[in-house]
Amino acid sequence: MTWVSPGDDGPRPPDGARWGGERSRATGFPHTRHVRKATVLVVDDERKIRDLVRSYLEREGYAVLVADTGQGALEAIERARPDLVVLDLMLPDLPGEEVARSVRVHSDVPIIMLTAKAGEDDRVTGLRLGADDYLPKPFSPRELVARVEAVLRRARGGARDGRPLVRPRARS
């Protein structure tokens, strides 16, 4: 949430920035021109899912890289240093859990697990392996984009524009 002072009409852009004409389809907040959108690596062996996720993320201004294997994901993470990884667990060469373990040894890059493994034990295991969020398939692409935005916001320290989320009250 952007800083809002009493009497304001709503969110304001940070100093020196202007709101662009478009708003995020996932959150409804305006895009700012100075904000660099993140690079997201989408790892899934199903082409339809990769293409769908890529389409929704690119529509929101993200740069998107794709991999269809666990080894391809590890190479892309090493080479491109994405800001976030959307990771399927059932990959043809390496289980996604193994990919997540390997990533966590060297990196704190946020991971959202997107998988058909929907049981409670699967979700708990995924989160304990280091996933920052877990979304079972079938899924809503809009919800995934909103989760990407939320995880990146948390990873960057909260506020969208560097201002505090809550203004302290003056003591009387």
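Per chain, residue numbering runs from 1 following the sequence as it is written. Reporting of local features is limited, given that this is a predicted model, to residues whose pLDDT is at least 70; pairs of side-chain atoms are given and counted only at 80 or more, and all residues count toward the totals for whole chains, interfaces and linings. The basis for the side-chain values is all heavy atoms of the structure; hydrogens and waters are excluded.

**Remarks on the sheet that holds strand E7 (residues 133-136)**
Link 1 in the chain: Taken in spatial order, the five strands of this open sheet run E4-E3-E5-E6-E7, and their pairing is parallel. Each end of this open sheet is capped by a strand with a single partner; those strands are strand E4 (63-67) and E7. Adjacent strand axes in the sheet meet at a mean angle of 20° when their direction is disregarded.
Link 2 in the chain: Should any heavy atoms of two residues lie within 4.5 Å, those residues are considered in contact. Here an angle of 0 to 180 degrees is reported between the N-to-C directions of two axes, which are lines fitted to C-alpha atoms, with helices fitted over the stretch in contact. Each helix corresponds to a stretch of at least 4 residues labelled H or I by DSSP, and each strand to a stretch of at least 2 residues labelled E; elements are numbered beginning at the N terminus. Here helix H3 (residues 96-106) sits on the sheet in contact with strand E5 (84-87) and strand E6 (111-115), set at roughly 175° to E6.
Link 3 in the chain: Along the sheet, helix H4 (residues 120-128) makes contact with E6 and E7, crossing E7 at roughly 150°. Think of it this way: DSSP has to see at least two bridges between two strands before they count as a pair.

**Thoughts on helix H1 (residues 47-59)**
Link 1 in the chain: Compared with an ideal rise of 1.5 Å per residue, which puts 13 residues at 18 Å, H1 spans 18 Å between its outermost C-alpha atoms and is within 8% of the ideal.
Link 2 in the chain: Only protein chains enter the calculation, and the probe is 1.4 Å; a residue is then buried if its accessible area is under 20% of its type maximum, exposed if over 50%, and partly exposed in between. Among all positions in H1, only Ile-49, Arg-50, Val-53 and Leu-57 are buried. In an axial view of H1, the angular spread of the buried residues amounts to 100°, which keeps them on one side of the axis. Within H1, the exposed residues directed more than 90 degrees away from the buried face are Arg-47 and Lys-48.
Link 3 in the chain: Directly after H1, the chain includes Gly-61, whose backbone phi takes a positive value near 95°. Multiplying one less than the number of residues by 1.5 Å gives the expected span of a helix. An arc is given here, and it is the one of the directions from the helix axis to the C-beta atoms.

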